[in-house]
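In case you want the letters, here they are:
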Amino acid sequence: MADAYLEHADKTRTRLHRPVSLGRSSACEVALNDTECSRRHALINPQAGGEFWIVDLGSTNGTHVNGRRLLRPTQLADGDRILLGRSELTFRGGAPRAPVKTRRESDTQMITRPAIRVEEAWMVLADIEGFTPFSQSHPPEEVSRRVGGWLSACAAVFAAQKADIQVYLGDGFLAYLPGRTFPPARFFAAFAALRQLQSDPAHLPFRLVVHHDRITVGAAAAGGIESVLGAGVNYLFRMEKVAGSVRARCAATPAALSAWPAPKPKATSAGLHVLKGFEGRHELFTLA
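Note that the structure is a prediction, hence the values are computed from the model and not measured.

Draft legend 1. Local environment of the overall build of the chain. For the chain, the helix and strand inventory stands at six helices and 19 strands. Within the chain, buried positions represent 51% of all 288 residues. The contacts in the chain between residues at least 6 apart in sequence include a share of 59% that link residues at least 24 apart.

Now the structure itself:
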């Protein structure tokens, strides 16, 4: 797979072999001498299948791709022009942009890469509640600022545990912490911090669903970024859809509750549900 990189105005290049932050701060991998940029303005995140997604981090002046302000995380395609403040960069490489699909239609695409290992992991799926009506009823600048600010706060939660958000989903994200490298305490510290964000009126309302399962880590994508796949991942996506239908703000699967260390949370059954692609009926629990 060809390398992906950012081409600067002076024709120098920044290779995108891992998540890269862009902004005015010298701590950013791409530090821009531009007073119109925020200190941490945007993030480019490599994902499975050679995809590269750009995320505005709640910047003051927004991130524009091909002249359009980002409202949510967006996949980049070869030749895309990225404008941050007065600084323009061009994205080169990456996989072709996939046709626009909803997350419900596209989540099973994560099960197409060859496996390299199987391991147990804690997973959390986050989803902004009511994103479509919110985006249609507010100015693009406010949508971009609110979504970016929320994603930046969530990314900071995982960074505090020396972890990352692996998959951005437009109006949410998937993060997983394999037990082989992350003690459960670090996952639950991140989860507790996400619950605090849920209660903060400064952030958009969002839903959380937790699952514990064996995941299959796929062959590395560009720059060594691994893909997560398997029935457990698809099961979590299906359960998140159920959580939305019963209006649960925070929910857990039976497998998550079974593996949850003491003290276990107060959980209330939200009933048994049919999941597409899975036999039988499956119980979901809401968390207090």
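Draft legend 2. Looking closely at the nonpolar core. Among the nonpolar cores identified, the biggest contains 41 residues, and Phe-158, Phe-173, Leu-194 and Trp-260 are the most heavily contacted of them. Examining the composition of this core, we find that eight residues originate from one element, helix α3 (residues 140–159), more than from any other. If we skip the residues at most four places from it in the chain, Trp-260 touches Trp-122, Phe-188, Phe-191, Val-210, Ala-252, Pro-265 and Leu-287.

Draft legend 3. Representation of the pairing of strand β11 (residues 87–92) within the structure. Looking at chain direction, strand β1 (residues 5–7) and β11 are connected through three bridges and run antiparallel. Pairing of Glu-7 across the sheet is with Thr-90, part of β11. Looking at chain direction, strand β10 (residues 81–84) and β11 are connected through four bridges and run antiparallel. Among the inter-strand pairings, Ile-82 is bridged to a residue of β11, identified as Leu-89.

Draft legend 4. Representation of the packing of aromatic side chains in the model. Counted under the stated rule, the structure contains 12 aromatic pairs. Pairing Phe-187 with Phe-191 gives two aromatic rings, centres 6.4 Å apart and planes at 5°, and the pair type is stacked. With Phe-187 and Phe-191 both in helix α4 (residues 184–198) and four residues apart, the pair spans about one turn of that helix. Accessibility expressed as a relative area gives 2% for Phe-187, which makes it buried. In this structure an aromatic cluster arises from ring pairing among Trp-122, Phe-187, Phe-188, Phe-191 and Trp-260.

Draft legend 5. Quick peek at the sheet that holds β10. Strand order in the open sheet made by the six strands is β2-β1-β11-β10-β7-β8, with antiparallel pairing throughout. Single-partner strands in this sheet number two, and they are β2 (13–15) and β8 (68–69). With three bridges joining them, strand β7 (residues 63–65) and β10 adopt antiparallel strand pairing. Within the sheet, the bridge partner assigned to His-64 lies in β10 and is Leu-83.

Definitions and cut-offs
- Residues numbered from 1 in each chain as written.
- Predicted model: local features only at pLDDT ≥ 70, side-chain atom pairs only at ≥ 80, totals over all residues.
- Heavy atoms only, no water.
- Helix = DSSP H or I, 4+ residues; strand = E, 2+ residues; numbered from the N terminus.
- Buried < 20%, exposed > 50% of the residue type's maximum accessible area, 1.4 Å probe, protein only.
- Contact = heavy atoms within 4.5 Å.
- Core = buried A, V, L, I, M, F, W, Y, C linked by side-chain atoms within 4.5 Å.
- Pairing = 2+ DSSP bridges.
- Phe/Tyr/Trp six-rings, centres within 6.5 Å; stacked < 30°, edge-to-face > 60°.

Just distances and angles here, no functional claims.
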